[in-house]
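Spelled out from the first residue to the last, the chains are:
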Amino acid sequence: MAMTKEEKQKLIKKYAKDEKDCGSIEVQVAILTEEINNLTEHMKQHPHDYHSNRGLLKKVGRRKNLLNYLVKNDINRYRKLIKELGLRK
């Protein structure tokens, strides 16, 4: 269920601005999106796992806040990220 280091490193390499970047908005949103997708699959199999559901909702809220920040500061980066991740908005 948890994301491995290798998977996280692949996401960081794909969305990072340069090789030392590991905390930009794009990287954070990409990692959160992958974790949300994994938790969504888990919740389909285990609908009564309320603790995991709470964690899922917290991750969704955090991603939403990061995307709202990106909309306010750089709409072009936001549009590019939404398109790459396949998020609706």
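This text follows the structure it describes.
Here goes a summary of the coordinates provided.

Analysis parameters
- Residues numbered from 1 in each chain as written.
- Predicted model: local features only at pLDDT ≥ 70, side-chain atom pairs only at ≥ 80, totals over all residues.
- Heavy atoms only, no water.
- Helix = DSSP H or I, 4+ residues; strand = E, 2+ residues; numbered from the N terminus.
- Buried < 20%, exposed > 50% of the residue type's maximum accessible area, 1.4 Å probe, protein only.
- Contact = heavy atoms within 4.5 Å.
- Areas by Shrake-Rupley, 256 points an atom, 1.4 Å probe, with all protein chains shown as cover.
- Lys, Arg positive; Asp, Glu negative; His and termini not counted.
- Charge placed at Lys NZ, Arg CZ, Asp CG, Glu CD.
- Core = buried A, V, L, I, M, F, W, Y, C linked by side-chain atoms within 4.5 Å.
- Salt bridge = Lys/Arg side-chain N within 4 Å of Asp/Glu carboxyl O.

## What about the overall build of the protein?
For step 1, the next point in the chain: Counting its regular elements, the protein contains four helices and zero strands.
For step 2, the next point in the chain: Traced from its N-terminal end to its C-terminal end, the protein shows the element sequence α-α-α-α.
For step 3, the next point in the chain: Seen along its three principal axes, the alpha-carbon backbone of the protein occupies a region of about 40 × 30 × 20 Å.
For step 4, the next point in the chain: Within the protein, buried positions represent 34% of all 89 residues.
For step 5, the next point in the chain: A separation of at least 24 residues holds for 48% of the contacts in the protein among residues at least 6 apart in sequence.
For step 6, the next point in the chain: Counting only carbon and sulfur atoms, one obtains 51% of the accessible surface of the protein, whose full area is about 6700 Å².
For step 7, the next point in the chain: The positive charge centre, built from 21 side chains, and the negative charge centre, built from 12, are 6 Å apart in the protein.

## Side note on the nonpolar core
For step 1, the next point in the chain: Ranked by internal contacts, the top residues of the largest apolar core, which has 18 residues, are Tyr15, Val29, Ile31, Leu67, Leu81 and Leu85.
For step 2, the next point in the chain: Only α1 (5-15), α2 (25-45), α3 (50-73) and α4 (75-85) provide two or more residues apiece to this core.
For step 3, the next point in the chain: When near neighbours in sequence (up to four residues on either side) are disregarded, Ile31 contacts Met3, Lys8, Leu11 and Ile12.

## As for the pattern of salt bridges
For step 1, the next point in the chain: In this structure the tally under the stated criterion is three salt bridges.
For step 2, the next point in the chain: When the shortest N-O distance is used, the salt bridge between Arg77 and Glu26 registers 2.6 Å. A residue pair is termed long-range when its members are at least 10 positions apart, and Arg77 in helix α4 and Glu26 in helix α2 qualify at 51 residues.
For step 3, the next point in the chain: Linking Lys59 and Glu35 is a salt bridge whose minimum nitrogen-to-oxygen distance equals 2.9 Å. Linking Lys59 in helix α3 with Glu35 in helix α2, this pair joins segments that are 24 residues apart in sequence.

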